[in-house]
Amino acid sequence: MSFAPPERKDPLQFFLNGELVKVHEPDPRQMLIEFLRDSKAENSAVGSGGGLDWNQEEGDALGDSLVAIQEYDLANKRLKPLVACHGLSVTTVEGVGSERRCLHQVQKRIAENHGMQCGFCTPGMVMNTYALLKSGGKPTAEESMKNYDGNICRCTGYRNLVQASESFCSDASPEAQQLAEKCGAHDADLCDKLSGRWVESCHARGPEHAKMDVPRQSDAWLMAIQDVSFFKEGFAWYAPMSLEDRRSTLINRWEEALEIKKSKPRAMYILGDTAKGIRQAAYEVLRRLAGVTELNVLEKTGTGLTFGGALTIQHLVEALEQYQEVHTQLQWPKALADGLKNVAQHHIRSEAGWAGNLLITIQRGFPSDLFPCLLAADAEISFVTSNARDEKRLALMDLKPGAVPFNALLTKLHIPNVEGAFFKYYRVGQRKWLSHCFAGAGFRLQMDGAKVKDARVALGYWAATPSRSSKAEGVLVGSQLDTATLQSAIRALHEDLEFAEERQFQTVDNPEGKDSYRRNLPDGYLFKFFQEAQNHFKIKSWPPEELGTLPVKPLKAGDLKFQEAPGLENKPQLSAMGLTTGSVRYTDDQQIPALFGYPVLSEVATGKLEHLEWRSEDDENGIDVSEALKIEGVVDVVEIGETLGDWRVLTGQQLALVVADSYRTAKRGAGAVQVKIANANEDAIITLDQAIAAESYLDSAHFRNTVDKGDLEEGFKASDLVFEGTTYVIGQHAFPLEKQTALAVPEEKKGMTVWHSTQGHDFTRAKLAGVLGVPGSSVVCKQSRAGGAFGPKNSRQVPTAAMAAVAAHKLDKAVRVAYEATLEQLAVGGRHSFKTQYKVGVNKDGKIQACNVESWCNGGCTHDFTGFLNLEMGEAIPSVYWWPNMKINVHAMKTNLPSNTAVRSFGSPQGNFVCEAIIEDVAGRLGKPVEEIREINMCTRENAVTPWGQPMEYYNADMLWKKLKQDASFVEREKQCEAFNAQHRWRKRGISAVPLAYGHCYAYAAGTGALVNIHGDDGSVTVHHGGCEIGQGIHTKVAQVVAVSLGCPLDLIRVADTNTEVVPNARFTGGSITTEVVCEAARQACKQLLETLRPHREFLVKRDSKEPSWPELVAAANAVLGHQEKLSATGIFSPAGNKYTTDVEGNALGTYHGDYFTYGAGISEVELDVLTGEIRPLRSDILYDVGQSINPGIEIGQLEGAFVYGIGYYLYEEPLRDARGVERSQGVWAYKPPMAPEVPIEFKVELLRDNPFPKGVLGSKAIGEPPFMLAYSVLGAAKKAIASVRKENGLPEHFQMPMPCTVDAIQKACLLGSAPVASGWVEAKARSGAVDDARWRALGLELRLGGVFLVGRRERSCKADGQMSWDTSQQSQVTQDVTGA
Ligand SMILES: Cc1cc2nc3c(=O)[nH]c(=O)nc-3n(C[C@H](O)[C@H](O)[C@H](O)COP(=O)(O)OP(=O)(O)OC[C@H]3O[C@@H](n4cnc5c(N)ncnc54)[C@H](O)[C@@H]3O)c2cc1C
Ligand code: FES
């Protein structure tokens, strides 16, 4: 049968925010997000909900991307095809409430509770809670917490968001209830008064606002619009209603459909279409199954459940939970539902089908959770291939690649009811939520008395089809649930294992990746299952807290202590309401029609691009753009390089920009460009070790002798112990949710206006003027706000803006370039990795006498900020400690990678890590508690001077340390941890305290000015300043300072967009310091204005005998005819305290690099799941000196955000590069910033009170970055928990742990590997005589072959860039009887 497009042309019809939308000839390839974006230009009511990351294929959880669909299922608009919305009702954040009309309570509570910083994720957060509430009933706090399983926020610490949601819950905490009370009830009168066309009447609808209820489509309407097909440019979409519908003229009869799939290999059945990112290909014919009646069946009988092929994973979950409610004697239905909840996130589960999941698993080797779950549940499927009535049935264990014909339609899933069965599914990912599992295992048991009657053991690994272990099942059946059975089952399981390697984790210096961890995980799972089964069948009772995996608990309200000064109160951001309603504008929201640009990147580390033959295909080494230019919609391919005679490339380099009429076309065009590079990857330098060996220095950034104090040799001589060590610190991606984005608009006289997402707009302006060859004044750079920045938008925004500007200049049309997450990680560098060698001399009591540090950083291809960064890294090493003799050298190494750059805290985390690693090494070698070593070496007020001689003014770190230890009951809780650890074998706790001193330097931002204009008519004020709003709340703080300084009401103040035309010569927004600098600049301007207003005030006071109101005062100054006052003033902050500030002759006015220090202390407690390596932070306490806070709510938000960013760095985020230097951990798919479960459940913060900083702006200090380092307390606590495991196993408690401290690294540091793998290995060695029993005994361990956890001891060593390798030279064992003996 040949395929022909349908004749009928149906319009696509759906409701959008309550209005019927018809789209004629919709494009089946278009995603909902694209439609919403395009519509926004025409109709401001139809928005996308705030910021946008274009990465549709990834389908990740960049939180902006949610819409509510129909009955308040959430959908990811990046994944949802527009045509799949036919007949549905879609609600975006703009439909929930708006600033102009009325806010929904969800929006209000998030805004009031500081639930946002940059706000890019906020619309998604609003939709998340909104949809939960609308889905019916009052959720519990736990449900509302778990509802965050698909939302990532890079700025906040999640707590404020989770609390805002909790305020709606049936069991809301008192704090959450307080928030609800604070926000008050919904103001229906106001809402009616302001109501736009969507809101009819609020009165009838109750407190959660109105009209966002789904418009009830009539059955008649739905009937009339069914059976549609859409066809455009060779792509077709069918949405049939029945398998055998013969009424329709469309090609939707099923037998024909099956035939089409045969003749048209690129035809697909789809349900959610969520796997599009996985299959990575465009399909010509898509046939949506959601409406097919026969596939929407759900049968629940006493013998089990049957699900139709159009049911989603969420349908399965809900049906199983209902089944459990009815069949209360069963355990497996809820346990299976819980297992299925591990699939992706609830937005995806609401769209994605079980059938698609099974198929991508066998076709693509996808690491499915659903498959092993169903396998252990003994599920079967039904499918048809040629005739809808000819249904075949297949056991899931037989569903292997090729088992069903390619044109098979999966019609049913059957799950049998097994009475008395005990079921469990286990899985571990790099992060708790939204992280593919390293390995998953489902188990099911039935007992007959004391013996196992029936067993299922199902395993799933990435790249291998999940399978059952018949050998393990064989061992179990007929056996008792005891240690011997467990040992044999583990061994049998490994014999059966269909293990596949996972390339993502195999890197340039760690070819094995995480394979050994993945291979061994099921042993721990089986052990856990035995524990739970013993408990369930009452064979043995285990402490409940040791069973299963670490639970996810709702985040408690922060216990926050702070002090407010008049005018400097805890207030939400000025734009908070705009952020929750999606009405604010980011760069890509600017409503300017423009072409789209997508860059072509180099994927090799070295090579020569000798010619750029733009139209020729026969060029050996160059770029062939001919195929790209053939694509309809591609306008041009713009070269990026200037002179291309002998052009050396490096990984991630932008080579060309494909410009097209849509984002999708530009991306397709970039994919069609052929890049040919000679001598690819020859002599590539990727890692630090390679760079050090090749002596590849970044010369201009090559600092030496950063610190040189005292006499090292004398210090070593005076020491009781001298030792050396090496440590590696890994890099980190900044990962703002808004990626690099620019929109260049050509202006008259060769001018260019560039909107871009930036922290360095004036730097961009200057660079673009050079690139375009025009005077600097011809380029204007603007920004309303950035959706996060965190460093790389200080310098790495320039290539993006330059590409847009060059293309716009060439084509004389506006061009926008917006990077996706994956693209950004390929093209833009991040935090520098460091290798450090140290030699330390120390006395017996732990007092450090001498320390010599040599460090090397991976700078990437250019020096960018590396010079300064190395300086800061070196100066961060001494931290709060007193080092009598110290030398630090930091070297910058050049590699063929994208330039590494500033990332939050700019070198300090790396320096701090080295410092604390040294302190831990001292403690470990002396066998003393690490806190004792910290205390004994900590500076006091009397000797608080840095090794380079700078006094640490207003030093109070020692006081903060003592106070926090007391307030947080450190000593008692440390004992409690010890007691817990003594009682629990497989769960351990650790608690750790760290101090902090962080040097700040005004020089990075000094000179950034402000302009304050008072509008004479009403006294309102517009403030322009040179800082960038990146989520740190700079606009709000400046407005507060202006309000306090002028004595004018805050709500009369507006802070305008950042604009190089208005405030010139701004410096970078970074180093945490710009807010202070700009606040002071604005204060200086206000002083001038007050001087102007003074005579008017004096006159009014004299005349009226009272202080005039602000509008009266301004009116007086503005009303003098013929003599109007200048109600406009500029200000600038020129600090004179550091060595970069000079007089006109260039003489330095200060001595040191930095101006002042902030101090703090942090204590964290964590719990460790020994068998999986997972960590949950239980509680963190922070005491921090921020002087007199300007806005404590914003300050604490910054603090918590930085802290959680630090948790990501130390524990979860792992940039991995292959031998070409290409990033392996691309996008949210592979890169794992923390989500809500990674955040401490309890968070207590105190901003030191009665503590104004005399040198600071209105007594304040900076805060954006330093608290990052306090997250080291979480790492420290994790290490203590690991040490406790090691101690129990008779292993040295002192060990070195490189970072990030990921689950696999933790588990290996515990030295609990695989029983059978290791025991097999040991047995083999023993037979060959290679294993020395005496050595085992010397280690204090009894060698018991066949012990449950007989492990290969693998000393982790770390290579350049913090990537790991494993030395299997030593062996140890841990024996533990499953019955707890
Ligand atoms: C961000 C993200 C994270 C994820 N994380 C996880 C995870 O942690 N664990 C996990 O298990 N899964 C995960 N998934 C996978 C997700 O569960 C699958 O994408 C989903 O199950 C596929 O369902 P779908 O209905 O969207 O399939 P579609 O995309 O519609 O189809 C997928 C494939 O199946 C075929 N197909 C679909 N239905 C049928 C049918 N009835 N008969 C014949 N062929 C059919 C299609 O032709 C296509 O080839 C994740 C997905 C995303 C996008
Ligand atoms: S506020 Fe959530 S990403 Fe910025």
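Conventions and cut-offs
- For every chain, the first residue of the written sequence is number 1, and numbering continues from 1 onward in sequence order.
- Each chain is given a letter, starting from A, and each ligand a number, starting from 1, according to the order in which they appear as written.
- A pLDDT threshold of at least 70 governs which residues receive local features in this predicted model, and a stricter bar of 80 or more applies before side-chain atom pairs are shown or counted, although totals over entire chains, interfaces and linings include all residues.
- To get the side-chain values, take all heavy atoms of the structure and skip hydrogens and water.
- Type-normalised accessible area, obtained with a 1.4 Å probe on protein chains alone, sets the label of each residue: buried when under 20%, exposed when over 50%, and partly exposed for intermediate values.
- To qualify as a helix, a DSSP run of H or I must reach at least 4 residues; to qualify as a strand, a run of E must reach at least 2; elements of each kind are numbered from the N terminus.
- Nearness here has a simple test: a residue counts as near a molecule or strand if at least one of its heavy atoms is within 4 Å of that partner.
- Counting of polar contacts relies on pairs of N or O atoms within 3.5 Å, with two restrictions inside protein: one atom must be capable of donating a hydrogen and the other of accepting it, and residues adjacent in sequence are counted only when both atoms are side-chain atoms.
- Where accessible areas are quoted, they stem from the Shrake-Rupley method and a 1.4 Å probe; at the residue level, only the protein chains shown are allowed to cover.
- Put simply, Ala, Val, Leu, Ile, Met, Phe, Trp, Tyr, Cys and Pro go in the nonpolar bin, Asp, Glu, Lys and Arg in the charged bin, and everything else, Gly too, in the polar bin.
- Salt bridge criterion: a side-chain nitrogen from Lys or Arg within 4 Å of a carboxyl oxygen from Asp or Glu.
- Pairing between two strands is assigned when DSSP locates at least 2 bridges connecting them.
- Interaxial angle, 0 to 180 degrees, is taken between N-to-C directions of lines fitted to C-alpha atoms, where a helix line uses only the stretch in contact.
- Put simply, the grid is 1 Å and covers the protein atoms alone, a cavity is a trapped set of points that fit a 1.4 Å probe, a pocket is an open set with protein on both sides within 12 Å along at least five of seven lines, and lining residues have an atom within 4 Å of a point.
- Grid points are joined across faces, edges and corners, and a volume is the space filled by probe spheres set on the points.

(A) Inspection of helix H13 (residues 332-340) at higher detail. Burial within H13 is extensive, with 7 of its 9 residues counted as buried. Here H13 has its buried residues at Trp-332, Pro-333, Ala-335, Leu-336, Ala-337, Gly-339 and Leu-340.

(B) Just the site of ligand 1, in detail. Within the structure, ligand 1 sits among 35 residues, and Tyr-269, Leu-271, Thr-274, Gly-353 and Asp-369 are positioned closest to it. Here an oxygen atom of ligand 1 and a backbone polar atom of Gly-353 are 2.7 Å apart. Starting from 970 Å² of accessible surface for ligand 1 in isolation, the protein chains cover 97%. Counting residues per element, the ones that place at least two in the shell around ligand 1 are strand E8 (267-270), helix H15 (354-364) and strand E14 (409-416). Ranked by residues supplied to the shell around ligand 1, first place goes to H15 with 6 residues. For the shell around ligand 1, a count of residues per class yields 20 nonpolar, 11 polar and 4 charged.

(C) Geometry of the pattern of salt bridges. Inspection of the entire model under this criterion finds 70 salt bridges. One salt bridge connects Glu-112 with Lys-182, and the closest N-O pair in it is separated by 3.6 Å. Of the two residues, Glu-112 is situated in helix H3 (residues 105-112) and Lys-182 in helix H7 (residues 174-183); the sequence distance between them amounts to 70 residues. Overall, the relative accessible area of 57% leaves Lys-182 in the exposed class. When the shortest N-O distance is used, the salt bridge between Lys-963 and Glu-1246 registers 3.4 Å. Placement of the pair is Lys-963 in helix H31 (residues 957-967) and Glu-1246 in strand E44 (residues 1242-1247), with a sequence separation of 283 residues. Of the residues examined, Lys-963 reaches a relative accessible area of 25% and is grouped as partly exposed.

(D) Representation of unusual backbone geometry. One non-glycine residue with positive phi stands out, namely Asp-273, at about 60 degrees. Mapping Asp-273 onto the fold places it in the loop between E8 and helix H11 (276-279).

(E) Quick peek at the sheet that holds strand E27 (residues 707-709). Pairing within the open sheet is mixed, and its 5 strands lie in the order E27-E35-E34-E33-E28. In the strand order of this sheet, the two ends are held by E27 and strand E28 (721-729), each with one partner. Going from strand to strand, the sheet's axes swing by 10 degrees on average, the running direction of each strand aside. Bridge analysis of E28 against strand E33 (residues 834-842) gives 9 bridges, and the strand direction is antiparallel. Residue pairing across strands places Thr-726 opposite Gln-837, the latter belonging to E33.

(F) Broad picture of empty space enclosed by the protein. Its volume calculated, the largest cavity comes out at about 240 Å³. Looking at the largest cavity, it is lined by 22 residues, and the ones nearest its centre are Glu-875, Ala-876, Tyr-998, Gly-999 and Phe-1157. Broken down by secondary-structure element, the contributors of at least two residues to the lining of the largest cavity are helix H28 (866-876), helix H29 (908-926) and strand E36 (987-1000). For the lining of the largest cavity, the element with the highest residue contribution is E36, accounting for 5 residues. Class assignment for the residues of the lining of the largest cavity results in 11 nonpolar, 9 polar and 2 charged.

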